[in-house]
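# Understanding the architecture of this molecule
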Amino acid sequence: MAQEKDYLKDPFGNAVSDIVKGIDRDVERGEDVLMLGLGIVMLSSTFAPVAPPTVLLPLVALTFAVSAGFARINYHNMERKLLQSMAQLDGHDKIILHPIAAVFAEYPMHSLAESFNPLKNLKRTWKSALGGILINPLWMPIFYVMGMQINEEKNLGVLNRAIIGVEQKMASLSSVV
């Protein structure tokens, strides 16, 4: 499947509306991926009677890592497509979309390689080590990637609020006209 380069579909339609709908769809996709990962992790306890912790706990960590990784890739794709779409707009339309673009500037997401590096995320590493000491050392990787998952959810929530604000602004502008 070919990857979309931007959010503009119809050259004769409302470009701002198309961009907002497209990025809203991608935010929902990111949230769905994160919820799928969380749901799979929640179901993992059903396998506890047949799978030993040395098998089950790494699979839980892997599930969190995969879902957070896909959400991160989706976040970077949203940013790229938004910037490419905004490059084709005039100044007034860019001003309307500025709150969404500001989220990407204020909450930048590092690459996956940097996120998985425990030496670059000392706070998350410390929290996961503390949790591993308190519960079980096999839980340390789970806590580490769970921190990534929580960060992804937080950023998608901020982005979703910005989209809602832009949609409300567009609705108020269209009701005036």
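Residues numbered from 1 in each chain as written. Predicted model: local features only at pLDDT ≥ 70, side-chain atom pairs only at ≥ 80, totals over all residues. Heavy atoms only, no water.

### A look at the overall build of the protein chain
- A count of helices and strands for the protein chain gives six helices and zero strands.
- Each helix and strand of the protein chain, placed in order from N terminus to C terminus, yields the pattern α-α-α-α-α-α.
- Reported as C-alpha extents along the three principal axes, the dimensions of the protein chain are approximately 60 × 30 × 30 Å.
- In the protein chain, which comprises 177 residues, the share counted as buried stands at 39%.
- Here the analysis covers contacts within the protein chain between residues at least 6 apart in sequence; of these, 77% occur between residues at least 24 apart.
- Averaging the positions of the 16 positive and the 17 negative side-chain charges in the protein chain gives two centres separated by 7 Å. (Helix = DSSP H or I, 4+ residues; strand = E, 2+ residues; numbered from the N terminus. Buried < 20%, exposed > 50% of the residue type's maximum accessible area, 1.4 Å probe, protein only. Contact = heavy atoms within 4.5 Å. Lys, Arg positive; Asp, Glu negative; His and termini not counted. Charge placed at Lys NZ, Arg CZ, Asp CG, Glu CD.)

### Describing the pattern of salt bridges
- A full pass over the atoms with the stated rule returns three salt bridges.
- Between Asp26 and Lys81 there is a salt bridge, and its shortest N-O distance comes to 3.0 Å. Of this pair, Asp26 sits in helix α1 (residues 15–43) while Lys81 sits in helix α2 (residues 53–86); the two residues are 55 residues apart in sequence, bridging distant segments of the chain.
- Owing to a relative accessible area of 1%, Asp26 belongs among the buried residues under this scheme.
- By relative accessible area, Lys81 is classed as buried at 7%.
- Measuring nitrogen to oxygen at the nearest pair gives 2.5 Å for the salt bridge that ties Glu152 to Arg72. (Salt bridge = Lys/Arg side-chain N within 4 Å of Asp/Glu carboxyl O.)

### Focus on the nonpolar core
- Within the largest apolar cluster, 28 residues are counted, with the highest numbers of intra-cluster contacts made by Met78, Leu82, Leu97, Ile100 and Leu159.
- Counting residues per element, the ones that place at least two in this core are α1, α2, α3 (91–106) and α6 (140–176).
- Every residue in contact with Ile100, bar those within four places of it in the chain, is listed here: Val20, Ile23, Leu82, Leu159, Ala162, Ile163 and Val166.
- Counting eleven residues, the second-largest nonpolar core is a separate cluster that includes Ala61, Ala65, Ile142 and Val145. (Core = buried A, V, L, I, M, F, W, Y, C linked by side-chain atoms within 4.5 Å.)

### Regarding the environment of Asn136
- Checked against the element boundaries, Asn136 lands in the loop between α5 (122–134) and α6.
- Accessibility expressed as a relative area gives 26% for Asn136, which makes it partly exposed.
- Taking C-alpha positions, Asn136 is 18 Å from Pro49, a pair spaced 87 residues apart along the chain.

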